[in-house]
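Residue strings, one per chain:
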Amino acid sequence: QVQLVESGGGLVQAGGSLRLSCVASESTFSFDVMGWYRQAPGKQRALVASIGIGGSISYVDSVKGRFTISRDGAKNTVLLQMNSLKPEDTAVYYCYARRLFSINNYWGQGTQVTVSS
């Protein structure tokens, strides 16, 4: 059973930074893609950033230039560096992973990020 454990969320003022970490129970290279979704109150879960096994990276437009996703293969970890945070970034952030040819994602338990104005 794959486990994804997130950490790094918290409360920060607008303009501040946080770094989210997702540690997988197996090598990150056993997944075709990994990344982060977020879910704000009353809204659907939405993709924030992803990194493919070959290193391809994508971001939702609203975080481009502020968030950086990276992978540390030696530590089975995917990171999300979040800078210049805005109140609208407030959400529960979920790490996900998906294997090649699969339509199902593995999910972490989520970590709360709250940005105060």
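Located above this text is the structure these notes cover.
Heads up: these notes are all about the structure in this document. All of these numbers come straight from a predicted model, not from anything done at the bench.

This part covers the overall build of the protein. The helix and strand inventory of the protein stands at zero helices and 11 strands. Here the C-alpha radius of gyration of the protein, 13 Å, is about what a compact globule of 117 residues would show, namely 13 Å. A principal-axis box enclosing the C-alpha atoms of the protein has dimensions of 40 × 25 × 25 Å. Here the protein, with 117 residues, has 38% of them falling under the buried criterion. Long-range pairs, those at least 24 residues apart, make up 55% of the contacts in the protein between residues at least 6 apart in sequence. For the protein, the accessible area works out to roughly 6200 Å², and carbon and sulfur atoms hold 50% of it. With 11 positive and 7 negative side-chain charges, the protein shows a separation of 2 Å between the mean positions of the two kinds.

All right, on to the side chain of E6 then. Note that E6 resides in strand 1 (residues 4–7). Despite its burial, E6 pairs with no opposite charge, the nearest such side chain being R45 at 7.5 Å. A polar contact of 2.7 Å, which involves the side chain of E6, links it to the backbone nitrogen of C95. There is a polar contact of 2.9 Å between the side chain of E6 and the backbone nitrogen of Q109. E6 has contacts with S21, C22, W36, Y93, Y94, C95, G108, Q109, G110 and T111, leaving out every residue within four places of it along the chain.

A few words on the packing of aromatic side chains. Tallying each qualifying case throughout the model produces five aromatic pairs. Their ring planes at 65 degrees and their centres at 6.0 Å tell us that F31 and Y106 sit as a pair that is edge-to-face. With F31 in the loop between strand 3 (18–24) and strand 4 (33–39) and Y106 in strand 10 (residues 106–107), the pair connects residues that are 75 residues apart, well separated along the chain. Ring centres of Y96 and W107 lie 6.0 Å apart, and the angle between their planes is 40 degrees; on these two criteria the pair is classed as tilted. Pair noted here: Y96 is in strand 9 (residues 91–98) and W107 is in strand 10, with a separation of 11 residues, a long-range link. Each member of the aromatic cluster is reached from another via a ring pair, and the members are Y37, Y94, Y96 and W107. Over the ring of Y94 we find R45; its NZ or CZ atom is 3.7 Å from the centre of that ring. The ring of W107 carries the charged tip of R45 above its face, separated from the ring centre by 4.6 Å.

A separate point is the sheet that holds strand 3. Reading across the sheet, the four strands line up as 1-3-8-7 and stay open at both edges, with antiparallel pairing between neighbours. Either end of the sheet is taken by a strand with one partner, and the two such strands are strand 1 and strand 7 (67–72). Averaged over all adjacent pairs, the angle separating strand axes in this sheet is 15 degrees, with direction ignored. By the bridge criterion, four bridges tie strand 1 to strand 3 in an arrangement that is antiparallel. Considered in strand 3, the bridge of E6 is made with C22.

Calculation rules
Residues numbered from 1 in each chain as written. Predicted model: local features only at pLDDT ≥ 70, side-chain atom pairs only at ≥ 80, totals over all residues. Heavy atoms only, no water. Helix = DSSP H or I, 4+ residues; strand = E, 2+ residues; numbered from the N terminus. Rg over C-alpha atoms; globule rule 2.2 N^0.38 Å. Buried < 20%, exposed > 50% of the residue type's maximum accessible area, 1.4 Å probe, protein only. Contact = heavy atoms within 4.5 Å. Areas by Shrake-Rupley, 256 points an atom, 1.4 Å probe, with all protein chains shown as cover. Lys, Arg positive; Asp, Glu negative; His and termini not counted. Charge placed at Lys NZ, Arg CZ, Asp CG, Glu CD. Salt bridge = Lys/Arg side-chain N within 4 Å of Asp/Glu carboxyl O. Polar contact = N/O pair within 3.5 Å; in protein donor to acceptor, adjacent residues only side chain to side chain. Phe/Tyr/Trp six-rings, centres within 6.5 Å; stacked < 30°, edge-to-face > 60°. Lys NZ or Arg CZ within 6 Å of the ring centre and 35° of its normal. Pairing = 2+ DSSP bridges. Axes fitted to C-alpha atoms, helices over the stretch in contact; angles between N-to-C directions.

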